[in-house]
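Residues per chain are reported as follows:
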Amino acid sequence: MRPDSEADRLAVTFARVLRGAGLDVPVGSTITFADALAAVGLERRAGVYWAGRATLVRSPEDRDAYDRAFASFWEGIVEIPERSVPAGSISLAFDADRDTPDADEEASDDEQATPTVAVRWSPAEVLRHCDFAELTHAELVEARRMMADLKLAGPLRRSRRRQRTHRERGRPDLRRTVRRTLRTAGEPIDRAFTAPSQRPRRIVLLCDVSGSMEPYARAFLRFVQAAVVGHGRVEAFAMGTRLTRITRELSSRDPDAALSAASRRVLDWSGGTRLGEALRAFNDQWGVRGMARGAVVVILSDGWDRGDPDVLAGEMARLRRVAHRIVWVNPLKATPEYAPLARGMAAALPYVDEFVTGHSMAALGELAEVISK
Amino acid sequence: MIDVKDVGAVRDALGAHDYLADEGLATAIFLALKLNRPLLLEGEAGVGKTEVAKVLARWTGGELLRLQCYEGIDAAQAVYEWDYSRQLLHLRAAEASGDAIDEDELYSERFLVRRPLLRAIAHDSQQVPVLLVDEVDRADDEFEAFLLEVLSDFAITVPELGTFRAESPPVVVVTSNRTRDVHNALKRRCLYHWIDHPDFERELAILRVRAPEVREELARQVAGAAEALRDLDLYKPPGVAETIDWAHAVAALGAARLDATTVDVTLGTVLKYREDQERARAHGLDHLVDAAAAHDRAS
Ligand SMILES: Nc1ncnc2c1ncn2[C@@H]1O[C@H](COP(=O)(O)OP(=O)(O)OP(=O)(O)O)[C@@H](O)[C@H]1O
Ligand SMILES: [Mg+2]
């Protein structure tokens, strides 16, 4: 944090009191609160009260808890909780204790050895098509159990890359007409196929764990964990403001243990995203050196990027040169009106071979197919 | 930039433009201006959320750019769109004259239709505009997600043209009626204020500026009765807008006092649902008249 000022100290202390009262106070909000205090001054009770209300409270339901915490804080009769939560840490999306730990893991070793794909799903059709962001906790538990049925394998090296399908949806015909008119004047681009081989390709999964991915992160990580457990040649990384390799953590058979190990390892849960920098770190440290060579690289991200889009584009280009295929999974794409306007997404898209949704169990099933074809 | 001294100065400026804010709202607005943050306003219908943006525009002289959200709103409505018919005409003309087709030209500013978000970001006015994203709860998640990105970076990329970036960010007011929860990430980006129904004194003061033809005693009674109506657990309790309408209606009838007959014939102006009117009647209009009379004179 910034150098101590009185406003900062007061902000940090009060944020801690609020957390103790059960409110969710992200670090970013504490900083805004400190700025707000600096703007309104610390002298008046009402000023401090309303500065906190504007920056720390986000629903009318939290007002009572805030009021009680504020009153005791201002009167100075509150006990400041010891730093139980280290500054900068954020509560995690996984609540292992509430999950039923019986996700059946029947992925037998001989199955793993076979480089084929078996995507099996339990018959819960409705759940399969639900957007992860809409699932209740119980449904998520069920969805995770379904994911245990998922077997993921890289395509054999002789497999051919399918041409990217580009569907234009919900657009007036006129637009298509303009585009088509343009296209006749241009030249179609054909991509070369890679050399045939029999070995299954490595799969590298890069999972965005920034705040904007909150609703999908746990479902995705469970997908990634199923992939790591079910298939030997899988590598997994978490991308936030930094890059964290989580392959080892995710390789535990017990999904809950695996996920909490991974989330302990990842320090920047639900923070911002610097996709470009994270990707550069991946390229520098792992990817270009060999891990991504000939691999199917799967990026799970909504493409919101706080960083420079040019950096992202540059790193995507580097990755493109070594990877077999790049699959981008963006849950936001599931919405019919979706247009890749997010800066990061727009910058990355030219380098992406497959652009899929992955927002539901069914969509993850499709993703598994896309990866292995 | 809008230079504001303190919360009191905001309150005064809003008041000078006929908007009476309490200290909480004035502080939130002050901080939004001071910290360059979007302001998310939630509250019941008619409590004055939308009006905040309008009055900010009146006060600062910035252009009001209003984006009314609805289910299915998309980039073409919110951000920009290519003028397809003009592009097509252009292509036809090029074909007819045998000219080569230049894609860059086809996707140049000439054919770009700017919608409120892009206009707010790519403004070149001296006084920053006020962007009102009204009733964001009606839009879908995906639009919200995009909005968050715009409000975080104050930049918009048009793939064909590049990135537009706001040199000085617009003042942004986002409103929600809370038919659905706004995504946490967006809330965190914004400063937040829940606008409550005003208390009696403030509602009376609002009536004085918004319905100046209504006599003081009558205004007091209307404000008192409106307050009583809000305790009835109605489907849609009256907002400030309804109280103002009611006061106008009662005054137009030439009534000197708010009696049972007057309440009876004007009830539709303050309660918009038949169920609510029935409930108020079942509860007894005399009860409202009593509540009104209790406020006859300043105590
Ligand atoms: N604090 C106030 N001072 C002055 N006038 C007010 C105030 N609050 C509300 N009003 C009046 O009430 C009217 C309705 O307010 P507004 O349309 O902003 O409400 P809203 O909260 O946006 O409602 P809705 O949810 O129905 O859109 C305004 O036109 C204004 O005249
Ligand atoms: Mg409104």
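The following paragraphs examine the structure supplied in this document. Everything numeric in this text was worked out from a predicted model, so none of it was measured.

With that settled, the discussion passes to the overall build of chain B. Along chain B, the regular secondary structure elements total 15 helices and nine strands. Taking all 299 residues of chain B together, 56% fall into the buried category. Of the roughly 12,700 Å² of accessible surface on chain B, a fraction of 46% belongs to carbon and sulfur atoms.

This part takes up helix α11 (residues 216-229) of chain B. For an α-helix, 3.6 residues make a turn, and residues three or four places apart therefore share a direction. For α11 of chain B, spanning 14 residues, the distance from its first C-alpha to its last is 20 Å, which sits close to the expected 20 Å at 1.5 Å a residue. Counting buried positions along α11 of chain B yields eleven of 14 residues, so the element is predominantly enclosed.

A separate point is the sheet that holds strand β5 (residues 130-134) of chain B. All names here are of chain B. With parallel pairing, five strands are arranged side by side in an open sheet as β2-β5-β8-β1-β9. Across the chains shown, the open sheet's two edge strands, defined by having one partner strand only, are β2 (64-68) and β9 (191-195). Across the sheet, the mean angle separating the axes of adjacent strands is 20° when strand polarity is ignored. As judged from the five bridges shared by strand β1 (residues 39-43) and β9, these two strands associate in the parallel manner. Bridge assignment links Gly 43 to a residue of β9, and that residue is Ile 195. Where helix α3 (residues 49-60) meets the sheet, it contacts β1, β2, β5, β8 (171-176) and β9, and its direction lies at approximately 170° from that of β5.

Attention shifts here to the packing of aromatic side chains. Evaluated as defined, the whole model comprises 14 aromatic pairs over all chains. Taking 6.2 Å as the distance between ring centres and 80° as the angle between the ring planes, the aromatic pair formed by Tyr 80 of chain B and Trp 82 of chain B counts as edge-to-face. Taking relative accessible area as the criterion, Trp 82 of chain B reaches 3% and is therefore assigned buried. The structure contains a cluster of three or more aromatic residues connected by ring pairs, namely Phe 14, Phe 33, Tyr 49, Trp 50, Tyr 66, Phe 70, Phe 73 and Trp 74 of chain A.

Moving on: the packing of α11 of chain B against helix α15 (residues 285-293) of chain B. Relative placement of two packed helices is described by the angle separating their axes and the distance separating the axes. Residues and elements named next belong to chain B. Taken N-terminus to C-terminus, the directions of α11 and α15 make an angle of 130°; their axes are 7 Å apart at the nearest point. Comparing their axes, α15 and α11 come out oblique. Relative to α15, the crossing made by α11 is right-handed. Facing Gln 221, Gly 224, Ala 225, Ala 228 and Leu 229 of α11, the residues of α15 in contact are His 287, Leu 288, Ala 291 and Ala 292. Classifying every residue of the contact of α11 with α15 by side-chain character gives six nonpolar, three polar and no charged.

Take the environment of Leu 41 of chain B next. All names here are of chain B. With respect to the secondary-structure elements, Leu 41 resides in strand β1. Between the alpha carbons of Leu 41 and Trp 194 there is a distance of 5.8 Å; along the sequence they are 153 residues apart. Beyond its immediate sequence surroundings of up to four residues, Leu 41 is in contact with Leu 25, Lys 49, Val 52, Val 173, Val 174, Thr 175, Ser 176, His 193 and Ile 195.

All names here are of chain A. Reading across from one edge, β3-β2-β1-β4-β5-β6 is the order of the six strands in this open sheet, with mixed pairing throughout. Bordering the open sheet on either side are β3 (243-245) and β6 (354-356), each of which pairs with just one other strand. Taking each pair of neighbouring strands and ignoring which way they run, the sheet shows an average axis angle of 20°. Two elements, strand β2 (residues 234-239) and β3, share three bridges in a ladder whose sense is antiparallel.

Moving on, we come to the site of ligand 1. Residues and elements named next belong to chain B. Taken together, 18 residues lie around ligand 1, and Leu 20, Gly 46, Thr 50, Glu 51 and Arg 210 are the ones closest in. One of the backbone nitrogen or oxygen atoms of Glu 51 is found 2.7 Å away from an oxygen atom of ligand 1. A distance of 2.8 Å separates an oxygen atom of ligand 1 from a polar side-chain atom of Arg 210. Protein burial of ligand 1: of its 630 Å² of free accessible surface, 83% is covered by the chains. Secondary structure elements with two or more residues in the shell around ligand 1: α3, α10 (200-210) and α12 (240-252). Counted by class, the shell around ligand 1 contains eight nonpolar, four polar and six charged residues.

Let us look at the interface of chain A and chain B. With 44 residues of chain A at the interface, the matching set in chain B holds 50 residues. Of the roughly 4,200 Å² buried at the junction of chain A and chain B (both faces included), carbon and sulfur atoms supply 62%. Summed over the three residues of chain A that lose the most area to chain B, namely Arg 58, Leu 341 and Arg 343 of chain A, the buried surface amounts to 17% of that side. For the interface between chain A and chain B, the tally reads three salt bridges. Between Glu 61 of chain A and Arg 178 of chain B there is a salt bridge; the shortest N-O distance is 2.7 Å. Counting across the interface, chain A meets chain B through six residue pairs in polar contact (both at pLDDT 80 or more). Breaking the side of chain A that touches chain B down by element, the ones donating at least two residues are α2 (27-40), α3 (45-56), α8 (173-185), α9 (214-230) and α14 (343-348) of chain A.

This brings us to the pattern of salt bridges. The full count for this structure, using the stated rule, is 32 salt bridges over all chains. Linking Arg 66 of chain B and Asp 134 of chain B is a salt bridge whose minimum nitrogen-to-oxygen distance equals 2.7 Å. You can see Arg 66 of chain B sitting in strand β2 and its partner Asp 134 of chain B sitting in strand β5, a full 68 residues away along the chain. The buried category is assigned to Asp 134 of chain B, whose relative accessible area is 0%. Within the structure, one salt-bridge network assembled from shared partners comprises Glu 61 of chain A together with Glu 42, Arg 178 and Asp 181 of chain B.

Residues and elements named next belong to chain B. Following both chains from N to C, one finds helix α13 (residues 260-270) and α15 inclined at 110°, their axes separated by 9 Å at the closest point. Here α13 is positioned roughly perpendicular relative to α15, judged by the angle of their axes. The handedness of the crossing between α13 and α15 comes out as right-handed. The segment α13 lies against α15, with Ala 260, Val 263, Asp 264 and Leu 267 engaging Leu 285, Asp 286, Leu 288 and Val 289. Its residues placed into classes, the contact of α13 with α15 shows six nonpolar, no polar and two charged.

To continue, consider the nonpolar core. Counting residues in hydrophobic clusters, the biggest one holds 78 residues, and the most contacted among them are Ile 299 of chain A together with Val 79 and Leu 117 of chain B. Broken down by element, the residue count for this core peaks at seven residues, all from helix α8 (residues 141-153) of chain B. If sequence neighbours within four positions are ignored, Leu 117 of chain B has contacts with Leu 67, Ala 78, Val 79, Leu 131, Phe 143, Phe 146, Leu 147 and Ile 156 of chain B.

In this section: the pairing of strand β7 (residues 162-165) of chain B. All names here are of chain B. Judged from the four bridges that link them, strand β6 (residues 155-158) and β7 form a sheet pairing that is antiparallel. Bridge pairing links Thr 157 to Thr 163 in β7. Taken together, β6 and the strand that follows it, β7, pair antiparallel across an intervening segment of three residues.

A few words now on the environment of Gln 277 of chain B. All names here are of chain B. Mapped onto the secondary structure, Gln 277 falls in helix α14 (residues 274-283). Residue class for Gln 277 comes out buried when judged on its relative accessible area of 18%. Taking the C-alpha atoms as reference, Gln 277 lies 9.9 Å from Tyr 235; in sequence the two are 42 residues apart. Other than its neighbours up to four places away in sequence, Gln 277 contacts Leu 267, Gly 268, Leu 271 and Lys 272.

Reading the values: the criteria
Residues numbered from 1 in each chain as written. Chains lettered and ligands numbered in written order. Predicted model: local features only at pLDDT ≥ 70, side-chain atom pairs only at ≥ 80, totals over all residues. Heavy atoms only, no water. Helix = DSSP H or I, 4+ residues; strand = E, 2+ residues; numbered from the N terminus. Buried < 20%, exposed > 50% of the residue type's maximum accessible area, 1.4 Å probe, protein only. Areas by Shrake-Rupley, 256 points an atom, 1.4 Å probe, with all protein chains shown as cover. Expected span 1.5 Å × (residues − 1). Pairing = 2+ DSSP bridges. Axes fitted to C-alpha atoms, helices over the stretch in contact; angles between N-to-C directions. Contact = heavy atoms within 4.5 Å. Phe/Tyr/Trp six-rings, centres within 6.5 Å; stacked < 30°, edge-to-face > 60°. Parallel < 35°, antiparallel > 145°, perpendicular 65-115°, else oblique. Left-handed = near helix turned anticlockwise from the far one by under 90°. Nonpolar A, V, L, I, M, F, W, Y, C, P; charged D, E, K, R; others polar. Near = heavy atom within 4 Å. Polar contact = N/O pair within 3.5 Å; in protein donor to acceptor, adjacent residues only side chain to side chain. Buried area = accessible area lost by both parts, 1.4 Å probe. Salt bridge = Lys/Arg side-chain N within 4 Å of Asp/Glu carboxyl O. Core = buried A, V, L, I, M, F, W, Y, C linked by side-chain atoms within 4.5 Å.

Geometric descriptors of this kind do not, in isolation, establish any biological role.
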